[in-house]
Structures are given as C-alpha cells and as structure tokens.
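# Architecture at a glance
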Amino acid sequence: MSTQSRTHGRTSCWVLGGVGCLGLLIVGIIGIWLLANQVGKTFGGLMEPFMVLQQEVAPHMKKIADAIQGYQKDIGKYPPTLNALVPKYLPSQAVQVITLKDGTQLQWVYPPPKPTDAEDTIILEHKPPLKGGFAGSQVDVTLQVQKNFKMFIQQVITSPDGKRQFQRTQLD
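Figured I'd write up the structure that's included with this text.

The rules behind the values
- Residues numbered from 1 in each chain as written.
- Predicted model: local features only at pLDDT ≥ 70, side-chain atom pairs only at ≥ 80, totals over all residues.
- Heavy atoms only, no water.
- Phe/Tyr/Trp six-rings, centres within 6.5 Å; stacked < 30°, edge-to-face > 60°.
- Helix = DSSP H or I, 4+ residues; strand = E, 2+ residues; numbered from the N terminus.
- Lys NZ or Arg CZ within 6 Å of the ring centre and 35° of its normal.
- Buried < 20%, exposed > 50% of the residue type's maximum accessible area, 1.4 Å probe, protein only.
- Lys, Arg positive; Asp, Glu negative; His and termini not counted.
- Salt bridge = Lys/Arg side-chain N within 4 Å of Asp/Glu carboxyl O.
- Core = buried A, V, L, I, M, F, W, Y, C linked by side-chain atoms within 4.5 Å.
- Contact = heavy atoms within 4.5 Å.
- Pairing = 2+ DSSP bridges.

## Quick word on the packing of aromatic side chains
Considering all chains together, one arrives at two aromatic pairs under this definition. With centroids separated by 6.2 Å and ring planes inclined at 25 degrees, the aromatic side chains of Tyr 78 and Phe 149 adopt a geometry described as stacked. Highlighted residues: Tyr 78 in the loop between helix H1 (13-75) and strand S1 (98-99) and Phe 149 in the loop between strand S5 (137-146) and strand S6 (151-158), separated in sequence by 71 residues. The ring of Phe 152 has Arg 168 sitting right over it, with the charged end atom 4.2 Å from the ring centre.

## With respect to the side chain of Glu 56
Here Glu 56 is to be found in helix H1. Buried charge without a salt bridge: Glu 56, with Lys 101 as the nearest opposite-charge side chain at an N-O distance of 4.6 Å.

## Things to note about the nonpolar core
Formed by 32 residues in total, the largest nonpolar core has its most connected members in Val 57, Ile 68, Leu 82 and Leu 124. Those elements giving two or more residues to this core turn out to be H1, strand S2 (105-109), strand S3 (122-127), S5 and S6. The element best represented in this core is H1, accounting for 10 residues. Apart from residues no more than four positions distant in its own chain, Ile 68 is found in contact with Tyr 78, Pro 79, Leu 82, Leu 85, Tyr 110, Ile 123, Leu 124 and Phe 149.

## Quick notes on the environment of Gln 96
Position of Gln 96 among the secondary structure elements: in the loop between H1 and S1. Distance in space between the C-alpha atoms of Gln 96 and Asn 83 is 9.2 Å, their sequence separation being 13 residues.

## A closer look at the pairing of S5
Extensive coverage of S5 is indicated by the burial of nine of its 10 residues. Of the pairings in the sheet, the one linking S3 to S5 comprises three bridges and is antiparallel in character. Bridged to Leu 124 within S5 is Val 145. For strand S4 (residues 130-134) and S5, the ladder comprises five bridges, and the chain directions are antiparallel. Residue pairing across strands places Phe 134 opposite Ser 137, the latter belonging to S5. As consecutive antiparallel partners, S4 and S5 are separated by two residues, and within that stretch Ala 135 has a phi angle of approximately 50 degrees, a positive value. The pairing of S5 with S6 spans eight bridges and is antiparallel. Counted as the bridge partner of Val 139 is Ile 157 from S6. Turn length for the S5-S6 hairpin, with the two strands adjacent in sequence and antiparallel, is four residues, and the turn residue Phe 149 shows positive phi of about 65 degrees.

## With respect to unusual backbone geometry
For the bond from Val 86 to Pro 87, the omega torsion is 0 degrees, close enough to zero to count as cis. Along the chain, Pro 87 falls in the loop between H1 and S1. Geometrically, the link from Lys 127 to Pro 128 is a cis peptide bond, its omega value of -5 degrees lying close to zero. Structurally, the position occupied by Pro 128 is in the loop between S3 and S4. Not every positive phi belongs to a glycine, and Phe 149 is a case in point at roughly 65 degrees.

Below, the structure is given as structure tokens:
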C-alpha cells in the first residue's frame, strides 16, 4: 500500500492557513498604524508645548536664572533688571526676545524680588505662554523660576465650557 498525498490538484490546509494568517497579520499592522496615527494627532497638541519648553525655552531660561543667581551671590541682592546681567554674567542676546522654530516670539519677564518676598515668588518667566490643545481644551504652558531658583512648568487648562484648571510641576 502506498501513501500518496491526497492534495493532488487541491491546495493544502497548511497553505490556506498560512495565507490567512499572513492576511490577518497585515490587517493588524495597518490597524495598529492607523490607531497610532490617530493617537499622535490627539495627544500631539498636548505634548508639543512641553517638547518646545524642554528643547528651546528651558536652556535659555536656565542660563538667565544661573546669571541672576551668580549676580545675587556676588553683589548680595538681585539685579534690578535683566540688562544688569550684561556683559559680566550674560551676553546681550541672552536677555533679548527669542524666536522659536514655529515663529513664536517669547520675551523674558523679570520682576526683581524684594528681600521680604517668599521663596516661592516667581522671579522669571516667559510671555506669551506656549499653546496646545487636547480633546477640545486649550492648554497654556509657561516655564517659571522661583526666588529659590527652582524651575516649574505651569499649565492652565481651559475646558470647552470655559472652566480653568491650574497645575504646576517642578522640574529637576
């Protein structure tokens, strides 16, 4: 008795199963890609201001805060203006308006602190806030430095119905 294959003229179930699995795999990959693309669009508006802060604004602000701190240690008081830091502590362009990659212009706001001000008094921030959005809400993000030289991100989230929520997060 001979053992011959019965698939003569027909496709084996292994081939059909393999093609079916490959088709499901392709459909799954396309589905994951579409989902990731949608999630990126949804959360991208929220994450973009934070990425800009980290990459473009924070390095400038850190240099200015370090210069203010150096002035304060050397002179014994805070500088009356940011221009007082030039040229010994900072080059003149460091205290000027900066233009971000998207064309937004930021200026530095420095209200000199009084000796009696609390340590959490904000002494340096930028204007205007960076803007983002998420699920119909507007998110305004500002980087701030306190008198104790701790740096914070402040978020003001305005919901579609106009309610505002404030959040502050300390950076390391």
